[in-house]
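Next come the chains, spelled out residue by residue.
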Amino acid sequence: MKFGNFDIDCDIVATQKYRDYYNEKCECEECGNFRKNFNIYYPKIVEILSWFGIHIMYPLEIMDLGIDRDKNKREYSVYYSVKGKLPIDRIEHIDDEVSFILRNWNIASESYSNTGMIAPYFIVEVLNIFLPY
Ligand SMILES: [Zn+2]
């Protein structure tokens, strides 16, 4: 698939089927709010993630960064793992005011590498998500 200026090889079927067993699905209010609202407020981002085979309801981790007083919204980052290999170890991309940082498994620990997925894989970090609460 085409992502920014890169051609990325990934196994969409394996990624779709993957349900991380390493991380419990968090049932707290903030994570519930994320699951309820992410696809409503960021349909374009959710579509991009679906190109990788990512099921948005099954992240490795949802990071709640608290309330942004100016926007009056709650800020989130979220992490997903994808079966495949990036052409370079780290890719940054911005779309629709949301930042993506993709990292191959060998440098995944720069941010979040807590996955049961077996290499080759890469972690998709999505930052600057602002949702009502
Ligand atoms: Zn939570």
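Reading the values: rules and limits
- Residues numbered from 1 in each chain as written.
- Predicted model: local features only at pLDDT ≥ 70, side-chain atom pairs only at ≥ 80, totals over all residues.
- Helix = DSSP H or I, 4+ residues; strand = E, 2+ residues; numbered from the N terminus.
- Rg over C-alpha atoms; globule rule 2.2 N^0.38 Å.
- Buried ≥ 20, exposed ≤ 12 C-beta atoms within 10 Å, placed from the backbone.
- Contact = placed C-beta atoms within 7 Å.
- pLDDT = per-residue confidence, 0-100.
- Core = buried A, V, L, I, M, F, W, Y, C linked by C-beta atoms within 7 Å.
- Pairing = 2+ DSSP bridges.

Focus on the overall build of the protein
What the protein contains, in helices and strands, is three helices and eight strands. The N-to-C order of helical and strand elements in the protein reads β-β-β-α-α-α-β-β-β-β-β. Against the 2.2 N^0.38 benchmark of 14 Å for 133 residues, the protein shows a C-alpha radius of gyration of 14 Å, consistent with a compact globule. If you line up the protein on its principal axes, its C-alpha atoms span 40 × 30 × 25 Å. Expressed as a percentage of the 133 residues in the protein, the buried residues total 28%. Taking the intrachain contacts of the protein between residues at least 6 apart in sequence as the baseline, contacts between residues at least 24 apart amount to 66%.

A closer look at the environment of Trp105
Position of Trp105 relative to the elements: it lies in the loop between strand S7 (98-104) and strand S8 (121-131). Excluding residues within four positions of it along the chain, Trp105 makes contact with Ala119, Pro120, Tyr121 and Phe122.

Topic: the confidence of the model for the protein
On average, residues of the protein score 94 in pLDDT, and 100% of them are at 70 or above. By mean pLDDT, the top-scoring element of the protein is S7 (98), and the lowest-scoring one is strand S1 (residues 2-3) (91).

What to know about the nonpolar core
Ranked by internal contacts, the top residues of the largest apolar core, which has 29 residues, are Val78, Tyr80, Val82, Phe122, Val124 and Ile129. Counting only elements with at least two residues in this core, the list comes to helix H2 (29-41), helix H3 (43-51), strand S5 (73-85) and S8. Beyond its immediate stretch of four places on either side in the chain, Tyr80 contacts Leu49, Ile54, Pro59, Leu60 and Val124.

Focus on the environment of Ile67
Inspection of the secondary structure puts Ile67 in strand S4 (residues 61-68). Judged by the 13 C-beta atoms lying within 10 Å of it, Ile67 is partly exposed. Sequence separation between Ile67 and Tyr133 is 66 residues, and the spatial gap between their C-alpha atoms is 8.9 Å.

Here's the deal with the pairing of S5
In terms of strand pairing, strand S3 (residues 9-10) meets S5 through two bridges, oriented antiparallel. When the bridges of S5 are listed, Asp9 appears paired with Lys85. By the bridge criterion, six bridges tie S4 to S5 in an arrangement that is antiparallel. Pairing of Met63 across the sheet is with Ser77, part of S5. Hairpin connection between S4 and S5: a loop of four residues separates the two successive antiparallel strands, and Asn72 in this loop has a positive phi of roughly 55 degrees. Judged from the nine bridges that link them, S5 and S8 form a sheet pairing that is antiparallel. From the neighbouring strand, Val82 faces S8, where its bridge partner is Phe122.

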